[in-house]
Amino acid sequence: MTTDDGLSPELSEALRRAAQAPALVIACDYDGTLAPFVDDPTRAVPAPGAVAALERLAALPRTTVALLSGRNRAALAQVSGADTPVVLVGSHGSEWEGGFDTPLDDDEVALLARVGSDLEEIVSRTPGAHVESKPTAAVLHVRPVEDPDLRARAMSEAMAGPAALDGVFVTEGKNVVEIAVREASKGAAIERLVEQTGAQVAVFIGDDVTDERGFARLRSQDVGVKVGDGRTLADYRVPGIPALVGLLTHLADLRS
């Protein structure tokens with residue numbers, strides 16, 4: 001059963017409670033959550049009304065809104081179009097405004113170079129695949145690969161090869177493997193936002209297996225929302241991106 005706004009009664013009640021919090025954090029994943037997946041990541045634009053709803057929320061008193069993405073922060077800013085006062089957090093929670101807390105040391109730099117080289121070798125025999133370079137990670141993207149067998153083989157080679165190196169941190173998502181030389185966690189990023197703002201409630205919204213680390217770290221009073229199908233630790237779910245935009249608009253109405 002859903003209400004007139006398409007949300008379940010349980011989720012509507014959870015949002016009502018969240019909206020009443022003296023200080024509130026709202027953190028959203030980007031790809032697959034606010035923007036549909038596309039083969040060219042640079043063309044992943046937000047769904048109509050998504051950024052407007054986030055900016056409306058961010059303009060409210062004691063309300064902190066963050067985009068929390070696996071993309072590097074510069075790429076997130078470019079594709080999302082979101083601006084101050086929305087907080088942009090990239091690289092799965094490790095890249096904040098001003099960059100990283102500490103630069104990579106020589107060993108991390110060397111390890112990152114090896115990971116990138118190994119992934120480029122996989123790409124060289126996988127038409128359509130590409131490697132994305134980040135300040136602390138290299139990412140194999142296979143979504144554009146037409147042959148599902150080639151796609152699966154590339155993922156398997158990445159997991160058996162560079163992802164198995166000592167000192168790396170692996171995040172496997174939908175048609176993507178990110179191999180980092182410094183640990184990052186969306187859950188830790190949410191906790192940092194809560195600590196910085198003193199928020200009594202956090203709302204976290206995501207769609208991918210990488211977002212489960214965020215859901216896992218939420219407190220009992222927090223609200224986790226999964227977008228789409230699949231197993232999840234989130235307590236609530238919406239069927240897709242349009243419903244998520246409606247959720248954000250509804251939350252802005254409640255908090256206003």
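Residues numbered from 1 in each chain as written. Predicted model: local features only at pLDDT ≥ 70, side-chain atom pairs only at ≥ 80, totals over all residues. Heavy atoms only, no water.

**Some points on the packing of aromatic side chains**
In the structure shown here, the tally under the stated rule is 1 aromatic pair. A centroid spacing of 5.1 Å and a plane angle of 55 degrees characterise the contact between Phe204 and Phe215, whose relative ring orientation is tilted. Here Phe204, found in strand β8 (residues 201–206), pairs with Phe215, found in helix α7 (residues 212–216); they are 11 residues apart in sequence, far enough to count as distant. When sorted by exposure, Phe204 lands in the same class as Phe215, which is buried. One cation-aromatic arrangement involves Arg143 over Phe37; the distance from NZ or CZ to the ring centre is 4.3 Å. The ring of Trp96 has Arg192 sitting right over it, with the charged end atom 4.1 Å from the ring centre. (Phe/Tyr/Trp six-rings, centres within 6.5 Å; stacked < 30°, edge-to-face > 60°. Helix = DSSP H or I, 4+ residues; strand = E, 2+ residues; numbered from the N terminus. Buried < 20%, exposed > 50% of the residue type's maximum accessible area, 1.4 Å probe, protein only. Lys NZ or Arg CZ within 6 Å of the ring centre and 35° of its normal.)

**With respect to the sheet that holds strand β10 (residues 236–238)**
Taken together, 6 strands build an open sheet; the order of strands is β3-β2-β1-β8-β9-β10 and the sheet is parallel. Edge positions in the sheet fall to β3 (87–89) and β10, since each of these pairs with one other strand and no more. Averaged over all adjacent pairs, the angle separating strand axes in this sheet is 20 degrees, with direction ignored. One ladder, built from 3 bridges, connects strand β2 (residues 63–68) with β3; its direction is parallel. Counterpart to Leu67 in the pairing with β3 is Leu88. Sheet strands in contact with helix α6 (residues 186–197) are β1 (24–28), β2 and β8, and its direction is about 160 degrees off that of β2. (Pairing = 2+ DSSP bridges. Axes fitted to C-alpha atoms, helices over the stretch in contact; angles between N-to-C directions. Contact = heavy atoms within 4.5 Å.)

**Section: the nonpolar core**
In terms of nonpolar packing, the biggest core is built from 44 residues, with Leu11, Ile26, Leu34, Leu67, Ile205, Leu247 and Leu248 touching the most fellow members. Here this core gets 7 residues from one element, more than from any other, and that element is helix α8 (residues 241–255). Leaving out residues up to four positions away in the same chain, Ile205 has contacts with Ala27, Cys28, Asp29, Thr33, Val225, Val227, Leu244, Leu247 and Leu248. Counting residues in hydrophobic clusters, the runner-up holds 21 residues, among them Ala129, Ala154, Val177 and Val181. (Core = buried A, V, L, I, M, F, W, Y, C linked by side-chain atoms within 4.5 Å.)

**So, helix α3 (residues 73–80)**
Among all positions of α3, only Ala75, Leu76, Val79 and Ser80 are buried. Down the axis of α3, the buried set is contained in an arc of 115 degrees. They therefore lie on one face. Facing away from the buried side of α3 by more than 90 degrees, the exposed set consists of Ala74 and Gln78. Looking at the buried positions of α3, the neighbouring elements they touch are α2 (50–58), β2 and β3. The opening residue of α3, the one whose side-chain oxygen lies 3.2 Å from the backbone nitrogen of Ala74, is Asn72. Gly81 lies just past α3 and shows a positive phi near 75 degrees. (Arc of directions from axis to C-beta. Polar contact = N/O pair within 3.5 Å; in protein donor to acceptor, adjacent residues only side chain to side chain.)

**Here's the deal with empty space enclosed by the protein**
Using the criterion set out here, one finds 2 cavities of 30 Å³ or more in the structure. Here the largest cavity defines a volume of roughly 60 Å³. As for the largest cavity, its lining consists of His92, Phe169, Thr171, Glu178, Ala180, Arg182, Glu183, Ala184 and Arg213. Put simply, the parts of the chain that give the lining of the largest cavity at least two residues each are β6 (169–173) and β7 (176–180). When the residues that make up the lining of the largest cavity are grouped by side-chain class, the tally is 3 nonpolar, 2 polar and 4 charged. Roughly 30 Å³ of volume is contained in the second largest cavity. Split by residue class, the lining of the second largest cavity holds 1 nonpolar, 4 polar and 2 charged. (1 Å grid on protein atoms, 1.4 Å probe; cavity = no way out; pocket = protein on both sides within 12 Å on 5 of 7 lines; lining within 4 Å. Points joined across faces, edges and corners; volume = space filled by probe spheres on them. Nonpolar A, V, L, I, M, F, W, Y, C, P; charged D, E, K, R; others polar.)

**Considerations on the sheet that holds β6**
The strand order across the open sheet formed by 4 strands is β4-β5-β7-β6, and the pairing between neighbours is antiparallel. The open sheet has two edge strands with one neighbour each: β4 (130–133) and β6. The sheet shows a mean angle of 15 degrees between the axes of neighbouring strands, taken without regard to direction. By the bridge criterion, 5 bridges tie strand β5 (residues 137–141) to β7 in an arrangement that is antiparallel. Bridge pairing in β7 places Val139 opposite Glu178.

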